[in-house]
Each structure stands twice: as C-alpha cells, then as structure tokens.
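Spelled out from the first residue to the last, the chains are:
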Amino acid sequence: MSGVQHLTVTEDETDQRLDRFLRRHFPHLQQGRIEKLCRKGELRVDGGRVKPSTRVEAGQDVRVPPLPEPDEAGAAPATRRITDEQAAMIRDAVIYKDAHLIALNKPPGLATQGGTGQSVHLAMLAEALCFEREDAPRLVHRLDRDTSGVILMARTGRAAAALAKAFQSRETEKTYWAAVAGAPRPRRATIRYGLVKAGGAGAEKMRCIHPDEVRNTEGAKRAVTDYAVLETMAQRAAWVALRPVTGRTHQLRAHMAEIGHPIVGDGKYAGNSTVNDGDGWGAQLGGAVSRKLHLHARSLLLEHPMERTRLLSLTAPLPEHMARTWEMFGWRPADAPKDPFDPDEE
C-alpha cells in the first residue's frame, strides 16, 4: 500500500478528466475505486472535493490517498498490451500527424472506447501512436463502432483543450458519405427531427420526434442534418453526403431512416428487409452488397488547434466494403463535388 501522494498537473495534462489523469499515473487503478475515492472525499484537487469527470488544469495539486500496489489483492490486473499486428494496423490508419495531433481513418468495427464486450478499442490502441513522444495521444471526439473515417487524437493537453472547444462550438465542418436505400427527394434538404432515447431493453437507440415536440418531450434534443444526393442507382439506392449541424447520438442513422431512406446495412434503425413496404425502404440492398453499415466520415475541415491561421482539410478513403459497393454502382469518389452543399457545385 502506498502513502499519500501529491501530483502536480503539467501543461500537457491540462483540461483532462480527473479519472483519466489518474489512470495515466496509476494504470492498475479501477474506475470503481476512483469513483469511491471521490465520493468519500479522499481524492482532492487543490484541497477541494471533486468528481471523476472534473477537469484538471496545469499547476493544480492532486492529492491521492494510499493506493494498493498493482499486485495486491483487489487491484486491477496489469493493463493489457496490444499485439504487434494491432499496433501495425492502427499505425497504418494514420492519415495525418504533427506535433499536436494525429488523424486516423478509423476502420469499421473498431470501437472508439471500451465498453461491454469491447476487448479492443481505439483508446487502448493509442499506446502504439506515441511515435517520438512518451505519452499516448487522447481522443477528443467519437465515431460509432461501425462508422469508419476521420477521427482526431490530441498529442498534448493544450491541443486536446483547443480541439474539444472547436467541436463543442461547432467550429469544425464534418462531411459523411453514405449509401442509402432508395433515392431521397428532394436531392438536397435539411432534416430537423428531434431525438430522444427510445428506451427499453438492449443497445442504445434513438427515436425521432417532430421538431415542435422537442420542448415538451423529456430528454429530447434538437437535431439538424443537411443531406445532398450525389448519385443514384435508378430509384434503388443513392450516394449521399451528410453534414451534421448538431452532434447527437446516432443522428445521421436515425434521421435517414425516419425519412424512409435508411443507411445501407443499418439493421438497428430499419431492419434487414430489402423491399419498400410503403413506409420506407429496408436497410439491405441484397445481392453482392455487404450487409455492413455504409456510413463513412469522409472529411473534416478545421482550424489547426495551435496554428490558428492554418486550415486542416483531412480526407479518409472509403473502407473496403463501401469501395466495393461504389465500384459496383459505378460511383466514382473522384467525381464528388468539393462542397456537395454548395448549389454552384451542381
């Protein structure tokens, strides 16, 4: 058992959650123990009581009570090490890197963070992305497990704080590509349905509600998505660009399903039917088209977090299953307009 320790937050650790700060210093420390220490007031920052979600700032003093050693009873097992194959895979996913941030083309099927049934996730693989730095980069936003594409990780505390602020204040421009069932009309429009948790057993799912009902529905949030049809395959399928004006859980998937044109492979929001039952298409196209989700974070435009006069324009190639669908339908990524939401680009 260790004695009381006092840690000083460094510049690189600023604006980090307290629980994450502690796990970086004590990898064997379990989340449940951190929460208990906070409840009992044994963990303190500058002498004050805190929560696990409290964000620490450079120069603050973190008082840590006596902790069990990694090999003592009740301590968590040693942090799982990633394999050479996993390290190579995640390094191959890097599409941009500088001293402040790393951009990845996240593969579909890779969870962003750990959770029930998630033995491998991006946060765990971050240790393979240290490169010339000692510390692993940290996540500043998320993508759903089955969504591929551009995702950012900050390499310093200052960059993490700046990027988090940019995402929260919607100073970034995110464009997704999707294959959807049917051909949406009109070809360009804005979807404004609110979203609220559907409830019930099973995995998290959102339910769309009319915009006028958001204010009167407990837990509902306003949600806005712009879409633009880039190409169609007769009336059976379409290649659409999606731009989330707000950033709600499953927003793009729920919105496209609500207007009757679910994203291909999205069984959660439109089932596994291949036909139009009158209320909208099912989420499968059948034939040789993969049943995986066809949603990809194609590009991200933002101001560099530390070099404020420089714009970063990051683009991620399509994952293999979507590239096969695009080739099958004769859709060419090179033919996509630079800004699909600009009327002059049509």
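Residues numbered from 1 in each chain as written. Predicted model: local features only at pLDDT ≥ 70, side-chain atom pairs only at ≥ 80, totals over all residues. Heavy atoms only, no water.

Draft legend 1. Up close: the overall build of the protein. Looking only at helices and strands, the protein features eight helices and 18 strands. In terms of overall dimensions, the protein has C-alpha extents of about 70 × 45 × 40 Å along its principal axes. Contacts spanning at least 24 positions in sequence make up 65% of the contacts within the protein whose residues lie at least 6 apart. Summed over all atoms, the accessible surface of the protein reaches about 17,500 Å², with 46% contributed by carbon and sulfur. Between the averaged position of the 50 positive side-chain charges in the protein and that of its 45 negative side-chain charges there is a distance of 4 Å. (Helix = DSSP H or I, 4+ residues; strand = E, 2+ residues; numbered from the N terminus. Contact = heavy atoms within 4.5 Å. Areas by Shrake-Rupley, 256 points an atom, 1.4 Å probe, with all protein chains shown as cover. Lys, Arg positive; Asp, Glu negative; His and termini not counted. Charge placed at Lys NZ, Arg CZ, Asp CG, Glu CD.)

Draft legend 2. Seen up close, helix H6 (residues 251-258). Most of H6 is tucked away, with six of its eight residues classed as buried. When H6 is considered as a whole, its buried residues turn out to be Gln 251, Leu 252, Arg 253, Ala 254, His 255 and Met 256. Just beyond H6, the residue with positive phi is Gly 260, at close to 90 degrees. (Buried < 20%, exposed > 50% of the residue type's maximum accessible area, 1.4 Å probe, protein only.)

Draft legend 3. A look at the pattern of salt bridges. Counted by the stated rule, this structure contains 14 salt bridges. A salt bridge links Lys 40 to Glu 42; its shortest N-O distance comes to 3.5 Å. The salt bridge involving Lys 197 is made with Glu 204; its shortest N-O contact spans 3.8 Å. Residue classification places Glu 204 among the partly exposed residues on the basis of a relative accessible area of 38%. (Salt bridge = Lys/Arg side-chain N within 4 Å of Asp/Glu carboxyl O.)

Draft legend 4. Structural view of unusual backbone geometry. The omega angle of the peptide bond from Arg 185 to Pro 186 is 0 degrees, so this bond is cis rather than trans. Structurally, Pro 186 is set in the loop between strand E11 (173-181) and strand E12 (188-191). Although it is not a glycine, Asp 46 adopts a positive phi angle of roughly 50 degrees. Positionally, Asp 46 belongs in the loop between strand E3 (44-45) and strand E4 (48-49). Here Arg 170, not a glycine, exhibits a phi torsion of approximately 60 degrees, which is positive. Here Arg 170 shows up in the loop between helix H5 (157-168) and E11.

Draft legend 5. Main features of the packing of aromatic side chains. Going through the model one piece at a time under the given rule, you end up with five aromatic pairs. Stacked on the ring of Phe 131, the Lys or Arg Lys 97 has its end atom at 4.9 Å from the ring centre. Its guanidinium or amino end placed over the ring of Tyr 269, Lys 205 lies 5.5 Å from that ring's centre, counting from NZ or CZ. (Phe/Tyr/Trp six-rings, centres within 6.5 Å; stacked < 30°, edge-to-face > 60°. Lys NZ or Arg CZ within 6 Å of the ring centre and 35° of its normal.)

Draft legend 6. A look at the domain arrangement of the protein. On domain assignment, one finds that the protein holds domain 1 (5-64), domain 2 (84-169) and domain 3 (175-329). At the interface, 21 residues of domain 2 touch 24 residues of domain 3. Together, the buried faces of domain 2 and domain 3 total about 1,700 Å²; carbon and sulfur atoms form 70% of this surface. Where Arg 253 meets Asp 144, a salt bridge forms, and the shortest distance between an N and an O atom there is 3.4 Å. Elements represented by at least two residues in the side of domain 2 that touches domain 3 include exactly strand E7 (94-97), strand E8 (101-106), strand E10 (148-154) and H5. Tallying contributions element by element places H5 first for the side of domain 2 that touches domain 3, with five residues. For the side of domain 2 that touches domain 3, a count of residues per class yields 12 nonpolar, five polar and four charged. (Domains from an automatic or database assignment. Buried area = accessible area lost by both parts, 1.4 Å probe. Nonpolar A, V, L, I, M, F, W, Y, C, P; charged D, E, K, R; others polar.)

Draft legend 7. Main features of the side chain of Asp 266. Here Asp 266 is to be found in the loop between H6 and helix H7 (267-270). Judged by relative accessible area, which is 1%, Asp 266 ranks as buried. For Asp 266, the contacting residues outside a window of four places in its chain are Arg 253, Gly 271, Ala 283 and Leu 293.

Draft legend 8. Geometry of helix H8 (residues 320-329). Along H8, the positions that sit buried rather than exposed are His 321, Met 322, Thr 325, Trp 326 and Phe 329. Projected down its long axis, H8 shows its buried positions confined to an angular sector of 140 degrees, all on one face. Along H8, exposed side chains directed more than 90 degrees from the buried face belong to Glu 320 and Glu 327. On the buried face of H8, the contacting elements are E11, strand E15 (225-233), strand E16 (237-244) and strand E17 (295-303). Of the residues one or two after H8, Gly 330 is the one with positive phi, at around 75 degrees. (Arc of directions from axis to C-beta.)

Draft legend 9. Focus on the nonpolar core. If you look at the biggest cluster of nonpolar residues, it comprises 32 residues, and the most contacted ones within it are Ile 90, Leu 104, Leu 122, Leu 242, Ile 263 and Leu 295. Two domains each put at least three residues into this core: domain 2 (84-169) and domain 3 (175-329). Once residues lying within four places of it in the same chain are set aside, the contact partners of Ile 90 are Leu 104, Leu 110, Leu 122, Leu 125, Ala 128 and Leu 129. Counting 18 residues, the second-largest nonpolar core is a separate cluster that includes Trp 177, Val 289, Trp 326 and Phe 341. (Core = buried A, V, L, I, M, F, W, Y, C linked by side-chain atoms within 4.5 Å.)

Draft legend 10. Focus on the UniProt feature "active site" (unreviewed entry) in the protein. Listed under "active site" (unreviewed entry) in the UniProt record, and renumbered for this structure, are Asp 144. For Asp 144, the position within the fold is in the loop between strand E9 (138-139) and E10. Using a relative accessible area of 28% as the deciding quantity, one classes Asp 144 as partly exposed. The contact partners of Asp 144, leaving out residues within four places of it in the chain, are Lys 106, His 250 and Arg 253. (UniProt positions renumbered as here; feature names shortened; annotations may be inferred.)

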